[in-house]
Amino acid sequence: MTAKALTLALFAGVALLVIPYLPGLIGAGITYVVALPVVRRLDPSRRSRFAPLITMLGIFVVLVIPGVWLTVELLAQIPDAAQSLQHSTAIARLMALQLGDLNLGALLGQASSEIIAWSSRQTMTAISGAINATINLIIALFGAYYLLTSSDELWTHAKAALPFPAATSELLRTRFHHVTEAMLIGVVLTGAAQGTLVGATLAILGIQQPILWGAVTAVASLIPMFGSALVWFPAVLILVAQEQMVRAVVLMIIGILLISNIDNALRLAVYRRVSQVHPMVTLVGAFAGVHAFGLAGLLLGPLVLSYMLELLKIYRTDGALVLESPTP
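Not measured: the values here are computed from a predicted model.

*Asks:* Hey, could you run me through the overall build of the chain in this one?
*Replies:* In terms of helices and strands, the chain carries 12 helices and two strands. Listing each helix as α and each strand as β along the chain from the N terminus yields α-α-α-α-β-β-α-α-α-α-α-α-α-α. Of all 328 residues assigned to the chain, the portion counted as buried reaches 30%. For the chain, the proportion of contacts with a sequence separation of at least 24, taken over those separated by at least 6, is 68%. Summing over all exposed atoms, the chain offers an accessible surface of approximately 20100 Å²; the carbon and sulfur share of this is 72%.

Encoded structure:
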């Protein structure tokens, strides 16, 4: 086996080993872009390792504490919601309903049993996914820390390894920073606006836990097409099951006429004017990202797709994305 073939085989083996942790590696670059302005404010000379360490600890707290709180609260809501639906008058009527020879109550009971059995089977999958997400988060934070402490040196080596002219490599670096910052601004603004609107609507209607469901909406806003409807529409169904028809109708009207329309308007305004990214990119990128990376792909997918479009844009407008000619 030649040295070239051995090297290619080793690269292929390393790639297979790294694929499960690709979200963490990409997340390291994203976290670096987010943390860099903070580190520059704390330590303009960027000679100390203290500023990157404090920044990474701050990002860890900002991400983990709300995430743990949201997960615990959602898990606590499931038994209460199931018990409330079980004792609701509407569900009792459905269970007693007989359509000719069709016993609807028996079918609903069988369906609920199958759902419970399926949920129990998914427990290990959920635990495995949580462990994998935690590992990728640790990789992202540690990777961002090392990028912050030695980014110039690493970039010098990376730029030398890239098959592009030096000017093109610097242009790509600048544009990737811009795309990442813009996309993150769009995600944060859209999530905050949708979460606030849904939380305020639920609070006005007197529905319990409006802050929790507002936070869930902020996370759900990452999902294209559906977004806030994943929160307010199930709430409408629960209100109907509880025979709170007035509040259900009001929430339905507000959801269709106001919340969903603001959702669409925000996506157009934020992703096209702030992020300069077409909504179709976020849609395709999110679905492809979920397939490749899991839930983290809701953010990583549009970013990776945006990076590819930036490469094409440089090639189209500047004509600079060409391989350097080998020196004789």
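*Asks:* What's the story with the environment of Gln194 in this structure? I'm lost.
*Replies:* Its location among the elements puts Gln194 in helix α7 (residues 166–204). In the structure, Gln194 is positioned 20 residues away from Gly214 in sequence and 7.7 Å away in space, judged by C-alpha atoms.

*Asks:* Would you mind going over the packing of aromatic side chains with me for this structure?
*Replies:* Ring pairs (aromatic) are described by centroid distance and by the angle formed between their planes. One pass over the full model with this rule turns up two aromatic pairs. Measuring from ring centre to ring centre gives 5.4 Å for Tyr145 and Tyr146, while their planes differ by 70°; the resulting arrangement is edge-to-face. Measuring from ring centre to ring centre gives 6.1 Å for Trp232 and Phe233, while their planes differ by 85°; the resulting arrangement is edge-to-face.

*Asks:* Quick question: what am I supposed to make of unusual backbone geometry here?
*Replies:* Note on backbone geometry: most residues besides glycine have negative phi, and most peptide bonds are trans. For Gln209, which is not glycine, the phi dihedral falls at a positive 55°. The topology assignment puts Gln209 in the loop between α7 and α8 (210–220). Classification of Gln209 as partly exposed rests on a relative accessible area of 33%.

*Asks:* Could you clarify how one ought to interpret helix α9 (residues 229–241) in this entry?
*Replies:* What sets the pattern is the α-helix's 3.6 residues per turn: residues three or four places apart point alike. Taking 1.5 Å of rise per residue, the 13 residues of α9 would be expected to cover 18 Å, and the 18 Å separating its terminal C-alpha atoms lies within 8% of that figure. For α9, every residue scored as buried is listed here: Val231, Trp232, Ala235, Val236, Leu239 and Ala241. Of the residues trailing α9, Glu243 is marked for its positive phi of about 60°.

*Asks:* What should I look at first to understand the packing of helix α2 (residues 22–42) against α7 in this one?
*Replies:* How two helices sit against one another is set out by the angle between their axes and by the gap between those axes. Two numbers describe how α2 lies on α7: the axes approach to 10 Å, and their chain directions differ by 85°. One way to sum up the angle between α2 and α7 is to call them roughly perpendicular. Packed against α2, whose contacting residues are Ile30, Tyr32, Val33, Val34 and Leu36, the element α7 presents Arg173, His177, Thr180, Glu181 and Leu184 at the interface. The residue inventory of the contact of α2 with α7, partitioned by class, reads six nonpolar, two polar and two charged.

*Asks:* What am I meant to see in the layout of surface pockets here?
*Replies:* Over the atoms rolls a probe the size of a water molecule, and in doing so it shows where empty space is left. Its boundaries defined by the atoms lining it, the second largest pocket holds a volume of some 840 Å³. Counting residues per element, the ones that place at least two in the lining of the second largest pocket are α2, α6 (123–161), α7 and α12 (297–317). By residue number, the principal contributor to the lining of the second largest pocket is α2, which donates seven residues. Class assignment for the residues of the lining of the second largest pocket results in 17 nonpolar, five polar and one charged.

*Asks:* Even after reading the chapter, I still don't get the side chain of Thr201, so can you show me in this structure?
*Replies:* Mapping Thr201 onto the fold places it in helix α7. In this structure Thr201 comes out as buried when scored by relative accessible area, which is 7%. Non-local contacts of Thr201, meaning those with residues more than four positions away in its chain, are made with Leu251, Ile254 and Ile259.

Here is what the cut-offs are and how they apply
- Residues numbered from 1 in each chain as written.
- Predicted model: local features only at pLDDT ≥ 70, side-chain atom pairs only at ≥ 80, totals over all residues.
- Heavy atoms only, no water.
- Helix = DSSP H or I, 4+ residues; strand = E, 2+ residues; numbered from the N terminus.
- Buried < 20%, exposed > 50% of the residue type's maximum accessible area, 1.4 Å probe, protein only.
- Contact = heavy atoms within 4.5 Å.
- Areas by Shrake-Rupley, 256 points an atom, 1.4 Å probe, with all protein chains shown as cover.
- Phe/Tyr/Trp six-rings, centres within 6.5 Å; stacked < 30°, edge-to-face > 60°.
- Expected span 1.5 Å × (residues − 1).
- Axes fitted to C-alpha atoms, helices over the stretch in contact; angles between N-to-C directions.
- Parallel < 35°, antiparallel > 145°, perpendicular 65-115°, else oblique.
- Nonpolar A, V, L, I, M, F, W, Y, C, P; charged D, E, K, R; others polar.
- 1 Å grid on protein atoms, 1.4 Å probe; cavity = no way out; pocket = protein on both sides within 12 Å on 5 of 7 lines; lining within 4 Å.
- Points joined across faces, edges and corners; volume = space filled by probe spheres on them.

The values reported here are purely geometric and, on their own, carry no functional implication.
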